[in-house]
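Fold and contact review
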Amino acid sequence: MVSRINPNNLTFKATMAQISVPASSANIGPGFDCFGIALELRDRYAAQVLDDPTFDVDVTGEGADEVKKDAKNLVIRSMMRGFEHMGGKPRGIALRALNVIPHGRGLGSSAAAIVGGLSLARSLVLSGEQYMSDEDLITLATEIEGHPDNVASAFYGGATIAWLESSTDKTGTEKNTGRAVNLKVDDRIKALLLVPDNQLATAKARKLLPEMISHQDAVLNSSRTALLVHALAQRPDLLFTATADLLHQSYRASAMPKTIALMEKLRGAGLAAVVSGAGPSVMVLYAAAEDEIDQIPSLAPGFTAMKLAIAKTGAQ
């Protein structure tokens with residue numbers, strides 16, 4: 001069923017659109033601001049175009065008492081940005097959100113909201129993919145989020161390598177455009193998330209990073225990032241070596257001392273433990289026997305353990 005044609009020739013669908021978007025963990029050790037992996041923990045959204053000039057927003061689950069429930073809601077803002085890109089906006093939107101991704105824990109909750117909103121907007125327009133390609137969606141999501149790693153994983157699923165490309169638009173303004181490629185993850189690899197009660201803002205974590213690092217540290221990170229591609233794709237036995245990092249994690253210790261202490265304890269035991277995104281969660285990538293992994297939560301008092309599969313699909 002299709003109806004509601006706007007002045008810019010976009011035809012909005014009268015039916016409700018639904019989308020689920022996975023959590024994501026960025027960086028994965030050495031891959032700062034470029035690597036991400038999707039985790040099978042999904043926020044779910046449903047939206048419909050309204051004839052009335054109103055935003056009817058209902059949110060349940062994680063962060064329900066914290067997120068905006070009007071035009072400032074991140075999903076709504078992302079939807080409107082998507083409609084704007086496609087050439088027209090509806091008068092109003094009804095949105096229902098069921099959130100399960102923890103907020104402020106380095107698990108991509110904002111990326112899920114952004115990708116969810118853009119995907120909903122595209123789904124609510126007849127032939128929406130003609131107006132917004134996958135590449136357009138990643139570009140828009142990067143503009144909203146500020147970096148492409150989480151949004152790429154949330155959209156594509158699996159593991160992703162993301163980067164920024166400098167380009168000049170029609171007005172001569174130079175801007176950075178988000179780009180990403182998708183990697184299939186070895187089926188043996190799973191993730192254990194250790195999630196603390198406290199939150200940490202990404203902006204605060206970024207302020208702790210140094211402006212310069214040594215050439216030696218840069219070489220180590222470069223080699224480990226390259227190795228991480230191979231480890232994720234087919235050599236899980238190399239994950240511990242491939243997740244070594246000297247670029248960002250240790251510099252954030254003052255903002256999350258318990259997180260860094262736990263990560264170092266687990267790495268000392270030979271586990272591929274990393275800070276998830278900007279923290280304060282810790283992620284362990286593994287292909288070991290489950291009984292070995294089941295012992296890890298006892299080493300992490302104050303953290304909630306979640307075993308998660310790698311999400312093979314992204315927004316769907």
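Bear in mind that the values here come from a model prediction, so they are computed numbers and not experimental data. (Residues numbered from 1 in each chain as written. Predicted model: local features only at pLDDT ≥ 70, side-chain atom pairs only at ≥ 80, totals over all residues. Heavy atoms only, no water.)

A few words on the overall build of the protein chain. If you tally the helices and strands in the protein chain, you get 10 helices and 12 strands. For 316 residues, the compact-globule estimate of 2.2 N^0.38 gives 20 Å, and the C-alpha radius of gyration of the protein chain, at 20 Å, lies within 12% of that figure. When the 316 residues of the protein chain are sorted by exposure, 50% land in the buried category. The long-range fraction of contacts in the protein chain, counting pairs at least 24 apart against all pairs at least 6 apart in sequence, stands at 71%. Of the roughly 14200 Å² that the protein chain leaves accessible, carbon and sulfur atoms contribute 51%. The positive charge centre, built from 31 side chains, and the negative charge centre, built from 34, are 2 Å apart in the protein chain. (Helix = DSSP H or I, 4+ residues; strand = E, 2+ residues; numbered from the N terminus. Rg over C-alpha atoms; globule rule 2.2 N^0.38 Å. Buried < 20%, exposed > 50% of the residue type's maximum accessible area, 1.4 Å probe, protein only. Contact = heavy atoms within 4.5 Å. Areas by Shrake-Rupley, 256 points an atom, 1.4 Å probe, with all protein chains shown as cover. Lys, Arg positive; Asp, Glu negative; His and termini not counted. Charge placed at Lys NZ, Arg CZ, Asp CG, Glu CD.)

Counted according to the given criterion, the structure contains 14 salt bridges. Salt-bridge contacts for Asp56 lead to Arg96; the nearest nitrogen and oxygen are separated by 2.9 Å. Linking Asp56 in strand 5 (residues 55–61) with Arg96 in strand 6 (residues 92–99), this pair joins segments that are 40 residues apart in sequence. What makes Asp56 partly exposed here is its relative accessible area of 34%. With a relative accessible area of 34%, Arg96 lands in the partly exposed category. Measuring nitrogen to oxygen at the nearest pair gives 2.5 Å for the salt bridge that ties Asp294 to Lys307. Linking Asp294 in the loop between helix 10 (290–293) and strand 12 (303–309) with Lys307 in strand 12, this pair joins segments that are 13 residues apart in sequence. By relative accessible area, which is 48% here, Asp294 ends up partly exposed. Taken together, the salt bridges that share partners define one network made up of Lys190, Glu290, Asp294 and Lys307. (Salt bridge = Lys/Arg side-chain N within 4 Å of Asp/Glu carboxyl O.)

A few words on the packing of helix 4 (residues 134–145) against helix 5 (residues 149–156). For any two helices packed against each other, one specifies the inter-axial angle together with the distance between the axes. It is the contact of helix 4 with helix 5, at a shortest axis distance of 9 Å, that shows an interaxial angle of 140°. It follows from the interaxial angle that helix 4 and helix 5 lie oblique. Helix-helix and strand crossings are classified by hand; for helix 4 and helix 5 the assignment is right-handed. Facing helix 4, whose interface residues are Asp134, Leu137, Ile138, Ala141, Thr142 and Glu145, helix 5 presents Asn150, Val151, Ala152, Phe155 and Tyr156. Residue composition of the contact of helix 4 with helix 5, grouped by class: 7 nonpolar, 2 polar and 2 charged. (Axes fitted to C-alpha atoms, helices over the stretch in contact; angles between N-to-C directions. Parallel < 35°, antiparallel > 145°, perpendicular 65-115°, else oblique. Left-handed = near helix turned anticlockwise from the far one by under 90°. Nonpolar A, V, L, I, M, F, W, Y, C, P; charged D, E, K, R; others polar.)

Next up on the list: the side chain of Asp149. Within the secondary structure, Asp149 sits in helix 5. One buried charge, Asp149, has no salt-bridge partner; the nearest side chain with opposite charge is Arg206, at 5.3 Å. Within the local environment of Asp149, its side chain forms a polar contact with the side chain of His147, the two groups lying 2.6 Å apart. Other than its neighbours up to four places away in sequence, Asp149 contacts Ala26, Asn27, Asp33, Cys34, Phe35, Gly36, Thr160 and Ala162. (Polar contact = N/O pair within 3.5 Å; in protein donor to acceptor, adjacent residues only side chain to side chain.)

For the rest of this paragraph, the subject is the pairing of strand 5. Where strand 5 meets strand 6, 7 bridges bridge the pair, whose relative direction is parallel. Note that in strand 6 the partner of Val59 across the bridge is Ala97. (Pairing = 2+ DSSP bridges.)

All right, on to the confidence of the model for the protein chain then. Summing up the model confidence of the protein chain, the mean pLDDT is 93 and the portion of residues at 70 or higher is 97%. Confidence drops under pLDDT 50 across residues 1–5; counting only partners more than four residues distant or on other chains, this segment forms 20 contacts. (pLDDT = per-residue confidence, 0-100.)

Turning next to the side chain of His248. Its place among the elements puts His248 in the loop between helix 8 (239–242) and helix 9 (257–268). Take His248: its relative accessible area is 1%, and that puts it in the buried class. Residues in contact with His248, not counting those within four places in the same chain, are Asn27, Gly29, Phe32 and Leu209.

All right, on to the environment of Gly88 then. Structurally, Gly88 can be placed in the loop between helix 1 (74–86) and strand 6. Overall, the relative accessible area of 5% leaves Gly88 in the buried class.

Let us now look at the layout of surface pockets. Considered as a void within the structure, the largest pocket measures approximately 730 Å³ in volume. As for the largest pocket, its lining consists of 40 residues, of which Leu74, Gly104, Ser109, Ser110 and Glu145 are closest to the centre. Considered class by class, the residues forming the lining of the largest pocket number 14 nonpolar, 15 polar and 11 charged. (1 Å grid on protein atoms, 1.4 Å probe; cavity = no way out; pocket = protein on both sides within 12 Å on 5 of 7 lines; lining within 4 Å. Points joined across faces, edges and corners; volume = space filled by probe spheres on them.)

Pairing is antiparallel across the open sheet formed by 4 strands, whose spatial order is 10-11-9-12. Only two strands of the sheet have a single partner each, and these edge strands are strand 10 (272–275) and strand 12. When the angles between neighbouring strand axes are averaged without regard to direction, this sheet yields 25°. In this sheet, strand 11 (residues 282–286) lies alongside strand 10 in antiparallel orientation, the contact comprising 4 bridges. Across the sheet, Val275 pairs through a bridge with Val282, a residue of strand 11. The strands touched by helix 9 are strand 9 (190–196), strand 10, strand 11 and strand 12; relative to strand 10, the strand with the most contacts, the crossing angle is about 165°.

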